[in-house]
Amino acid sequence: MREAKLVLDFFLKRFFSSGKYELYPTSDGHRPSSVPSTVSFSTSPQVSDPGDWEVNPNLKISAFSELPSKDFGVNQHMIINQEFKEALRQILWQFRAPIRYAFAYGSGVFSQSGSAPGSSECHPSAPAAIKNMQQGKGKMIDFIFGVSYSQHWHSLNLSQHRDHYSGLGSLGSYVVSQTQDKLGAGVYFNPYVTVNGTLIKYGVVNLDTLCQDLSQWDTLYLAGRLHKPVKILRDHPRVRLANQMNLLAAVRVALLLLPEQFSEFQLYSTIAAISYMGDIRMSLPAEDPRKVNNIVSGQMAHFRRLYAPLIENLPNVTFNDKRCIQEDWIDDPDVNAMLTQDMDPVKRGNMVRRLPESFREKLYFQYQARYEIPRAQFDEMMKKSNDNDPELVRRRQGGAFEQRIAKDANLTSEVQTSIKKTILWPSSVQTAKGLITSGISRTWRYLREKQDKHNKSGKHAIAAQESPTPKQQ
């Protein structure tokens, strides 16, 4: 264990002192005055110590200075080509409606090994930086916009970009915002629109809805997207705090699903797969069945940047691989370091207790039925585990019930069932909502392209089975 600690200390000191991490613009497009443009990290608990800020997080903050520490959550910011990043930011400036938080994600931003190529005719007149990054094989770029007031935002955007909307836009901003907020996961997508000569899809979500999903896992629709590396273009302190909770939760759920020893690839694949469990698209011939493998294989270094600082501060898991002391292993996508977790039921019970509240309740209800716990006794247990009771603010330690769950031989299947129950309904409604918000022609185009990717992925899958990569062996 001491060797593993030294290994990770070496990693973090070298990684964060390299000056590669930078803090990104706030909602007004400027850097927060409270932090420098580049920062150095230490391995001290102030980075993301779950023993401090996670006990009673304040999700009502409005300034970066109110975060638990100056460098808090910097691990969420991925480093990409500077010109490409600027081209993405320029797209945001084409919207007069105020965007408080924004990120770009998907294969149009981050490479995915084995994914189907795009079309050179995708972007009518995109900036050179976008064409260069996509190597002439254009892919639609996906964005999520976090906004303060849905109806006000859509009112302004309808005035400026009426052509982005389907026929639903003719009914006005109230109907559009109600469709966004009341159906599915609370996101309104406008796909296949051209901004700055670039084909994009953007989803609009209220900041309250976004933070709720990140901290509670109500739907995992947006929380799951942020389990993977994304490019944050406009940051917001409340979202950064909620997303750090989301990332820690993803690690804990993955640990509950994994054995005592596992590889980085297994860890990141388990995390990336969470948002696809129960997603109706994965059960239809409309999504690449090797999507998780493609995402992780092409982004190992990004996943490492995202999760290694969190792992360093968790008491029950550690890197345990001599390869980690090799020069430049941090950015080496071919390194697949090994990790070890403590299978002590007390520590695993603590992880169960610290899962996001909405998700944790689903898991508890499943075990109530499995263990045939009387309703009155179960209700009393739920009252004691209420995170919102100010009199119960304390370090969330798992009790006998959580430890019993942690020792259960069926824990993996029960956790997976809870994930599916969380995702299935909102993702299904969100998919159906696309027929209304996108319109028939855009929806048909989307389904055709997904079907095409699905068909092409079959060929990649056969090739991979015949010649597996070292990471999959």
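Structure's up top.
Every residue gets a number counted from 1 within its own chain, in the order that chain's sequence is written. Only residues with pLDDT of at least 70 get local features here, since the model is predicted, and only at 80 or more are side-chain atom pairs given and counted; chain-wide, interface and lining totals rely on the full set of residues. Water and hydrogen atoms play no part in the side-chain values, which are based on all heavy atoms of the structure.

Caption draft 1: Focus on helix α6 (residues 207–216). Relative accessible area decides the class of each residue, using a 1.4 Å probe on protein chains only: under 20% of the type maximum gives buried, over 50% gives exposed, and in between gives partly exposed. Helical segments are the DSSP runs of H or I of at least four residues, strand segments are the runs of E of at least two, and each set is numbered from the N terminus. Most of α6 sits out of view: seven of its ten residues are buried. Those residues of α6 that sit buried are Leu 207, Leu 210, Cys 211, Asp 213, Leu 214, Ser 215 and Gln 216. By definition in these notes, contact holds between two residues if any of their heavy atoms fall within 4.5 Å. If you follow the buried residues of α6, they end up packed against β1 (101–105), β2 (141–147), β4 (198–206), α7 (221–225), α8 (237–257) and α13 (357–371). Polar contact is defined as a pair of N or O atoms within 3.5 Å, subject to the rule that within protein one atom must be able to donate a hydrogen and the other to accept it, and that residues adjacent in sequence are counted only when both atoms are side-chain atoms. N-cap assignment for α6: the residue whose side-chain oxygen lies 2.9 Å from the backbone N of Asp 208 is Asn 206. Where α6 ends, the next residue or the one after it, Trp 217, has phi of about 60°, a positive value.

Caption draft 2: Geometry of the packing of α8 against helix α9 (residues 264–273). Orientation is described by axes fitted as lines to C-alpha atoms, over the contacting stretch for helices, and by angles from 0 to 180 degrees between their N-to-C directions. Contact geometry for α8 and α9: axes closest at 9 Å, N-to-C directions at 115°. Judged by the angle between their axes, α8 and α9 are roughly perpendicular. At the point where α8 passes α9, the crossing takes the right-handed sense. In this structure, α8 uses Ala 250, Val 251, Ala 254 and Leu 257 to contact α9, whose residues at the interface are Leu 267, Thr 270 and Ile 271. Here the nonpolar group is Ala, Val, Leu, Ile, Met, Phe, Trp, Tyr, Cys and Pro; Asp, Glu, Lys and Arg are the charged ones; every other residue, Gly included, is treated as polar. Across the contact of α8 with α9, the residue classes tally to six nonpolar, one polar and no charged. Under this scheme an angle from 65 to 115 degrees is roughly perpendicular, one under 35 degrees roughly parallel, and one over 145 degrees roughly antiparallel; angles in between are oblique. In this scheme the crossing of two helices becomes right-handed for a clockwise turn of the near helix relative to the far one and left-handed for an anticlockwise turn of less than a right angle.

Caption draft 3: Examining the environment of Asp 218 more closely. Mapped onto the fold, Asp 218 is located in the loop between α6 and α7. What makes Asp 218 partly exposed here is its relative accessible area of 29%. As a C-alpha pair, Asp 218 and Pro 426 span 208 residues in sequence and 9.2 Å in three-dimensional space. Polar contacts involving the side chain of Asp 218 include one to the side chain of Gln 212, which spans 3.1 Å.

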